[in-house]
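# Secondary and tertiary structure notes
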Amino acid sequence: MLKRTALLLLTAFLTVSLLAQPQAKYVFYFIGDGMGVNQVIGTEQYNRATGKGPAEINFNHFPVRVFITTVSDNSLVTDSAAAGTALATGVKTYNDAVGVDPDGKPVTSVTEWAHAAGRGTGIATTVGVNHATPAAFSAHTARRGNYDDIALQQIKAPVDFLAGGGFITRRSSGHDAAFYEQEAVRAGISLFRGPGFTGVSATDGRVLCLSGTPQNDLPYAIDRKEGDTALSDFVKAGIGYLETHFCEEGFFFMIEGGKIDYGGHGNDAAACFQEVTDMAESVDLALSFLERHPGETLILVTADHETGGLMLGAGEYKMNPERLAWQDGSATVLTDLFRDAFFPDEKAYKAPTWEAVKAFFAQHLGLWEHVDVPAEAEASLREVYIQTFGENGNRHLGKANLYSVNAKLVDEAIRIVDNAAGFRFSFGSHSGSPVGLYVTGAGSEAFTAVKDNAEIAPLIAKVAGY
């Protein structure tokens, strides 16, 4: 008993001593928005079966892997704003709040701690730069939808490198995204547009990198075309910039895979899995940095919450992830392709036949040709078709349906192929399921006992000496 007590005391002493001495000079903090544990495991199953990515997702095999809870101050099911605030500040707050406590008072973030300690700071995301998660690391406001206020705060925030799809705006503000880009330039921030970011590393002063498209988020990885900006483009530019300007001081870099969440909300397994793989490619860049700076680099990967209630298994004691191999676009892009195929001219509206609809989904999802469609599943899809266009497309439902009904057909077709592969979503929103925390590098052992998302940021500060 005495020996055990002595051992526990020694362990506690060593842990306190460990945290008392800064270990991590460079910190990479990855957040997969909506990335539950099943999204990670499902991605590995999908990749192994289809060859769409590596058989092992790098961070899923980090030496430290624990489960953490994600509850907010006012709900067992968090939103991205409250979860982002907890991950950024260590403070629980209400759903919808960004960088403020339950009373609406601003709370400092790990970004601000790092800056105050003389470190460089970076934020990169696949969605709008003033979306909930990046906002939690760079702004303070009562409502995540205060996009214009967040954008103005970010322009003044102590963030050296900021990258994302673009600024999200509200029509009521009277300002478009270009207004905030001009405000950033007026504030002395150098603006770069993708996909290439040549010259970022050599730039003095703060940097803003945007995707170079009118959209305020990047394309899904499954939809990416030549010349499109990818998260890895932002991360390469960010590492180059931060390493050039803050190699001696060290830096903190938050990187969000924001569209994993979008795939979950859309119940689109293939799009979701390719987003996880896409973020893992950026984790590879951080791992390469760790190899150059061993003993000084800390890499953490986690999620703000799980989205969609993804189940591995769709009612049978088997899975067939290879059946997702023929899906060649996200639900968003397939909806656009459906519209282009059947409604190229709105003035000459003619509903497609059922056989034409079946041929479309055979081409883009592999249904019927490569994936067996049970009779009840085909009946379900046909029912959506009939509700949309009438029996054999004989009923004209008007132009208002062109932008909604084809999406319903696409969603139902994707649900069928997902279930055939063995993946089933429970709903289209967030769940309260625990998520993973994956850690490697300097000071990673300090995170083995973490049980909740609010514990992470204060521990990063201790390990990094902020």
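See the structure printed just above.
Predicted model only: the values in this text are computed from it and were never measured.

## Re the side chain of H305
- Tracing the chain through its elements places H305 in the loop between strand 8 (297–302) and strand 9 (306–307).
- Contacts of H305, omitting those with residues within four sequence positions, involve D33, G34, M35, G36, T70, T78, D79, S80, D261, H430 and V435.

## Thoughts on the environment of L231
- With respect to the helices and strands, the residue L231 is situated in helix 8 (residues 231–246).
- It is 8.6 Å that separates the C-alpha atoms of L231 and E256, two residues lying 25 residues apart in sequence.

## Some points on the packing of aromatic side chains
- Within the structure shown, the criterion is met by 27 aromatic pairs.
- Aromatic pair Y26 and F289: ring centres 5.0 Å apart, planes at 80 degrees, arrangement edge-to-face. Residue Y26 is found in strand 1 (residues 26–32), and its partner F289 is found in helix 10 (residues 269–292); the two are separated by 263 residues along the sequence. The pair formed by Y26 and F289 is uniform in burial state, with each residue classed as buried.
- The interplanar angle of 80 degrees and the centroid separation of 5.3 Å between the aromatic rings of F338 and F360 together place this pair among those described as edge-to-face. You can see F338 sitting in helix 11 (residues 331–342) and its partner F360 sitting in helix 12 (residues 354–365), a full 22 residues away along the chain. For the pair F338 and F360, one class covers both residues: buried.
- Each member of the aromatic cluster is reached from another via a ring pair, and the members are F338, F342, F343, W354, F360, F361, W368, Y385 and F389.

## Details of the pattern of salt bridges
- What the rule picks out here adds up to 13 salt bridges.
- Where R193 meets E181, a salt bridge forms, and the shortest distance between an N and an O atom there is 2.5 Å. Residue R193 is located in strand 5 (residues 190–193), and its partner E181 is located in helix 7 (residues 177–186); the two are separated by 12 residues in the primary sequence.
- For E181, a relative accessible area of 12% corresponds to the buried category.
- For E378, the salt bridge identified is with K358, shortest N-O distance 3.3 Å. A residue pair is termed long-range when its members are at least 10 positions apart, and E378 in helix 13 (residues 375–389) and K358 in helix 12 qualify at 20 residues.

## Quick notes on the layout of surface pockets
- One number sums up the size of the largest pocket: a volume of about 340 Å³.
- What lines the largest pocket is a set of 17 residues, among which E316, P374, I416, N419 and A420 lie closest to the centre.
- Listed by contribution, the elements that provide at least two residues to the lining of the largest pocket are helix 13 and helix 14 (405–421).
- With 5 residues, helix 14 is the single largest residue contributor to the lining of the largest pocket.
- If you trace the second largest pocket, you find it lined by T213, Q215, D217, L218, P219, D223, K225, D228, K259 and V333.
- Class assignment for the residues of the lining of the second largest pocket results in 3 nonpolar, 2 polar and 5 charged.

## Some details on the packing of helix 11 against helix 12
- Remark: helix 11 packs on helix 12, axes separated minimally by 12 Å, with the N-to-C direction vectors making an angle of 140 degrees. Here helix 11 is positioned oblique relative to helix 12, judged by the angle of their axes. Seen along the crossing, helix 11 lies across helix 12 with a hand that is right-handed. Residues L334, L337, F338 and F342 of helix 11 lie in contact with helix 12, whose contacting residues are A356, V357, F360, F361, H364 and L365.
- Its residues assigned to classes, the contact of helix 11 with helix 12 shows 9 nonpolar, 1 polar and no charged.

## With respect to the sheet that holds strand 5
- The 9 strands are arranged 2-13-8-1-7-3-4-6-5 in an open sheet whose pairing can be described as mixed. In the strand order of this sheet, the two ends are held by strand 2 (64–68) and strand 5, each with one partner. Averaged over all adjacent pairs, the angle separating strand axes in this sheet is 15 degrees, with direction ignored.
- Here strand 1 runs beside strand 7 (residues 251–257); their pairing, made up of 7 bridges, is parallel. Paired with Y29 across the two strands is M254, which belongs to strand 7.
- Across the sheet, helix 10 lies against strand 1, strand 7, strand 8 and strand 13 (435–441), angled at about 170 degrees from strand 1, the strand it touches most.

## Thoughts on the packing of helix 2 (residues 37–50) against helix 10
- Two elements in contact, helix 2 and helix 10, have axes whose closest approach is 9 Å; the angle formed by their N-to-C orientations is 95 degrees. The angle between helix 2 and helix 10 falls in the class roughly perpendicular. In contact with Q39, G42, T43, Y46 and N47 of helix 2, helix 10 contributes A270, C272, F273, Q274, V276 and T277.
- In terms of residue class, the contact of helix 2 with helix 10 is built from 5 nonpolar, 6 polar and no charged.

## Focus on helix 8
- Here helix 8 is 16 residues long and its end C-alpha atoms lie 21 Å apart, about the 22 Å a rise of 1.5 Å per residue gives.
- Regarding helix 8, the residues found buried are L231, S232, F234, V235, A237, G238, I239, G240, Y241, L242 and F246.
- As for helix 8, its buried residues are in contact with strand 1, strand 3 (120–125), strand 4 (161–164), strand 6 (207–210), strand 7 and helix 10.

## Points about the nonpolar core
- Counting 84 residues, the largest nonpolar core has F28, F59, F137, F253, L300, F447 and I456 as the members making the most contacts within it.
- Setting aside its immediate chain neighbours within four residues, F137 contacts Y29, I31, G84, L87, A88, S109, V110, T111, I123, F252 and M254.

## Some remarks on the pairing of strand 4
- Along strand 4, one buried face is formed by F161 and A163 and the opposite face, lined by L162 and G164, is buried too.
- Strand direction decides the pairing type here: strand 3 and strand 4, joined by 3 bridges, are parallel. Residue pairing in the sheet places I123 in a bridge with L162 of strand 4.
- Both strand 4 and strand 6 contribute to a ladder of 4 bridges, which runs parallel. Bridge pairing in strand 6 links G164 to L210.

About the criteria used
- Residues numbered from 1 in each chain as written.
- Predicted model: local features only at pLDDT ≥ 70, side-chain atom pairs only at ≥ 80, totals over all residues.
- Heavy atoms only, no water.
- Helix = DSSP H or I, 4+ residues; strand = E, 2+ residues; numbered from the N terminus.
- Contact = heavy atoms within 4.5 Å.
- Phe/Tyr/Trp six-rings, centres within 6.5 Å; stacked < 30°, edge-to-face > 60°.
- Buried < 20%, exposed > 50% of the residue type's maximum accessible area, 1.4 Å probe, protein only.
- Salt bridge = Lys/Arg side-chain N within 4 Å of Asp/Glu carboxyl O.
- 1 Å grid on protein atoms, 1.4 Å probe; cavity = no way out; pocket = protein on both sides within 12 Å on 5 of 7 lines; lining within 4 Å.
- Points joined across faces, edges and corners; volume = space filled by probe spheres on them.
- Nonpolar A, V, L, I, M, F, W, Y, C, P; charged D, E, K, R; others polar.
- Axes fitted to C-alpha atoms, helices over the stretch in contact; angles between N-to-C directions.
- Parallel < 35°, antiparallel > 145°, perpendicular 65-115°, else oblique.
- Left-handed = near helix turned anticlockwise from the far one by under 90°.
- Pairing = 2+ DSSP bridges.
- Expected span 1.5 Å × (residues − 1).
- Core = buried A, V, L, I, M, F, W, Y, C linked by side-chain atoms within 4.5 Å.

Scope: geometric values only; no functional claims are made or implied.
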